[in-house]
Amino acid sequence: MAEHYKPQKYKAWEMTLEERFQEVYPPFSEREATLEANRCLYCHDAPCMVACPTHIDIPTFIRKIATGNVKGSARTILESNLMGATCARVCPVDVLCEGDCVLGADHKPIAIGRLQRYATDYASERNIKFFQKGKPNGKKVAVIGSGPAGLSCAGELAKAGFEVTVYEKKEMAGGLSTYGIVVFREPVEVSLKEVKMIEDMGVTVKTGVTVGKDIKFEDLVNENDAVFISIGLGQVPEMEIAGEDLSGVLDGLDFIEKTKVQALDSISYGNRICVIGAGNTAIDCATIARRLGAERVTMIYRRSEAEMPAYHFEYEFALKEGVSFMFLTQPVEVLGKDGKVDGLKCMRMDLGAPDASGRRSPVPVEGSEFVVPCDMVVKAIGQVKPAHFLKMLEPFGVESVKGYIKVDSDNRTAHRKIYAGGDCVRSHGEASTVMAVQDGKIAAKAITRALVDEAALAKK
Ligand SMILES: Cc1cc2nc3c(=O)[nH]c(=O)nc-3n(C[C@H](O)[C@H](O)[C@H](O)COP(=O)(O)OP(=O)(O)OC[C@H]3O[C@@H](n4cnc5c(N)ncnc54)[C@H](O)[C@@H]3O)c2cc1C
Ligand code: SF4
């Protein structure tokens, strides 16, 4: 690999490879947490609580930190959100809880996410167990997929006394929290500790089991009182351009996964990398490429800066990391030499009339082709929808909407025993960890109501 050139302001390269992949935001010390907690006004009808999709009692957990009851604070958080440690790290707080903090109008909003991390880490480091399996109610539930939606549903059901088994196709449980969130935002251990917490509540987690391959979906429906589907979405879709099969063209999710499960110095990367896409996954790919040591990382997006789907704070982070952006640019062919990537042929775009998404659609500019020299191309243009799984659900009458599983407000499908939640049902709006957690809670509540509460009423 050619010697890397170091731009003066790129601090990350002054650190060791391991240091570059430590959590970007350091944890609060006790003093910092107490000072920050004491800034909170403990609003009545706090808007931050409404803005949090899991409705954590934020003023109460912050007040408990201020009074030194950190264990009690962690309990308050986890009572509403079992994945509180992950959410503390990954939630887009600017547009959720902190975005609605009343102090934000004139001062800095309270650092709710970092305080949440302080409390949940306190409990996790001391192995404090808050919840246990409820009194057995004699009902069984299968959960497919162990991401935030599946684990949240499983944990809530365990509290209500259900016998729950989670089936996970990967080697490790945790879904994208384990494999997809960049390691400097969430280390793998944080996610695995949450999995352990759910197992300690009496949930069985079977990894390395693909439903539809190793075990029949039909059998799960027949052998359980309810099934919760939380399979997320698939890999990055094909770009459908020539040269996509060349060595050096990577799936963005695979690239991120390597940095979570492999030794960092064993990961190969290019010196001049093009990342296709401008969502949060693309930003993650671009920033890890820089932190690995890539000299030039360019994000290529066919619309303009105004339409880019990444959160603004993510965009700013990428700019600080020295990532370059090419807007209004569409890749048309990956060029190769000796079977390896040697460049990316692109075309300039203009913005035309708004399309179905409401955003102005990109229109190619005739004769505007040009080549971006590069030795690696990372595809990060979203994730494929669960078409294969939907086929399996057809005989059960489960419906779909825009390629996602269709559910009602209880997260129940058209089949009375089958529920679903998380990314696989999110046919519109942003997909996020905290929303997946809430989906799991909603389904667990509905399953409990249908199988325990209504059954008890019917007996009376
Ligand atoms: C790169 C990336 C970065 C992200 N960053 C953020 C962020 O910063 N903040 C944020 O809030 N959100 C972020 N998200 C979104 C967030 O990770 C998801 O919304 C969340 O993980 C969805 O949870 P889930 O449980 O629905 O699915 P997942 O987390 O995808 O979990 C689904 C699980 O189901 C398993 N599975 C699939 N099919 C089967 C089968 N047939 N049998 C058994 N198991 C199966 C999968 O292996 C997986 O473990 C990011 C997503 C990506 C891709
Ligand atoms: S779960 Fe997320 S949105 Fe809710 S309070 Fe915690 S950091 Fe904010």
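Worth saying up front: this structure is predicted, and the values here are computed from it rather than measured. (Residues numbered from 1 in each chain as written. Chains lettered and ligands numbered in written order. Predicted model: local features only at pLDDT ≥ 70, side-chain atom pairs only at ≥ 80, totals over all residues.)

With that settled, the discussion passes to the overall build of the protein. Helices and strands together make up the secondary structure of the protein, namely 16 helices and 16 strands. Judged by the C-alpha coordinates and their principal axes, the protein covers about 75 × 60 × 45 Å. Burial statistics for the protein: of 460 residues in total, 45% are counted as buried. A fraction of 71% describes how many contacts in the protein between residues 6 or more apart in sequence connect residues 24 or more apart. (Helix = DSSP H or I, 4+ residues; strand = E, 2+ residues; numbered from the N terminus. Buried ≥ 20, exposed ≤ 12 C-beta atoms within 10 Å, placed from the backbone. Contact = placed C-beta atoms within 7 Å.)

Each domain of the protein was delimited in the assignment, giving domain 1 (11–125), domain 2 (140–233 + 385–459) and domain 3 (249–379). Between the C-alpha centres of domain 1 and domain 2 there is a distance of 26 Å. Taken together, the 17 residues of domain 1 in the interface contact 23 residues of domain 2. When residues of the side of domain 1 that touches domain 2 are assigned to their parent elements, the largest contribution, five residues, is made by helix α6 (residues 84–90). For the side of domain 1 that touches domain 2, the class distribution of residues is 10 nonpolar, five polar and two charged. (Domains from an automatic or database assignment. Nonpolar A, V, L, I, M, F, W, Y, C, P; charged D, E, K, R; others polar.)

In this section: the site of ligand 2. Of all residues adjacent to ligand 2, which total 15 residues, the nearest are Cys52, Cys87, Cys91, Leu96 and Cys97. Residue assignment for the shell around ligand 2 shows that the elements contributing at least two residues are α6 and α7 (112–125). Tallied by class, residues from the shell around ligand 2 come to 11 nonpolar, four polar and no charged. (Near = placed C-beta within 6 Å.)

The subject of this paragraph is the sheet that holds strand β13 (residues 376–379). Taken together, the five strands give an open sheet; going across it, the order is β5-β13-β6-β7-β8, and neighbouring strands pair in parallel fashion. Since the sheet does not close on itself, it has two edges, and those belong to β5 (249–251) and β8 (324–326), each with one partner. Shown here is a sheet whose adjacent strand axes are inclined to one another by a mean of 25 degrees, direction ignored. Contacts from helix α12 (residues 252–261) reach β5 and β13 within the one sheet, and its direction differs from that of β5 by about 75 degrees. Relative to the sheet, helix α13 (residues 280–292) contacts β6 (272–276), β7 (296–300) and β13, its axis offset from that of β7 by approximately 170 degrees. (Pairing = 2+ DSSP bridges. Axes fitted to C-alpha atoms, helices over the stretch in contact; angles between N-to-C directions.)

Near ligand 1 you find 35 residues, and of these Gly145, Gly147, Gly175, Gly232 and Gly422 are the closest. Contributing elements (two or more residues each) for the shell around ligand 1: α8 (148–159), β2 (163–168), α12, α13 and α16 (433–459). Taken domain by domain, the makeup of the shell around ligand 1 includes at least three residues from each of domain 2 (140–233 + 385–459) and domain 3 (249–379).

Turning our attention to unusual backbone geometry. For Glu240, which is not glycine, the phi dihedral falls at a positive 60 degrees. Relative to the helices and strands, Glu240 is located in the loop between β4 (226–229) and β5. A positive phi angle, close to 65 degrees, is found at Asn411, a residue other than glycine. Examined against the element boundaries, Asn411 turns out to sit in the loop between β15 (404–405) and β16 (418–420). C-beta crowding within 10 Å serves as the criterion here: with 27 such atoms nearby, Asn411 is assigned to the buried category.

This part covers the pairing of β6. The element β6 is extensively covered by neighbouring structure, given that four of its five residues are classed as buried. In the sheet, β6 pairs with β7 via five bridges, with the strands oriented parallel. Counted as the bridge partner of Val275 is Met299 from β7. Assessed by its sense of winding, the connection that carries the chain from β6 through α13 to β7 is right-handed. Taken together, the four bridges between β6 and β13 define a ladder with parallel strand orientation. Among the inter-strand pairings, Cys274 is bridged to a residue of β13, identified as Val377. (Right-handed = clockwise from strand over helix to strand, strands pointing away.)

It is worth spelling out α13 at this point. The first and last C-alpha atoms of α13 sit 18 Å apart over 13 residues, in line with the 18 Å expected at 1.5 Å per residue. When you tally the buried positions in α13, you get 13 out of 13 residues, the bulk of the element. Once α13 ends, the next one or two residues include Gly293, with phi positive near 135 degrees. (Expected span 1.5 Å × (residues − 1).)

Before going further, it helps to spend a moment on the pairing of β4. Of the two faces of β4, the one lined by Ala226 and Phe228 and the one lined by Val227 and Ile229 are each fully buried. Two elements, strand β1 (residues 140–144) and β4, share four bridges in a ladder whose sense is parallel. By the bridge assignment, Ala142 is partnered in β4 with Val227. In the sheet, β4 pairs with β16 via three bridges, with the strands oriented parallel. Bridging from a neighbouring strand, Ile229 pairs with Ala420 of β16.

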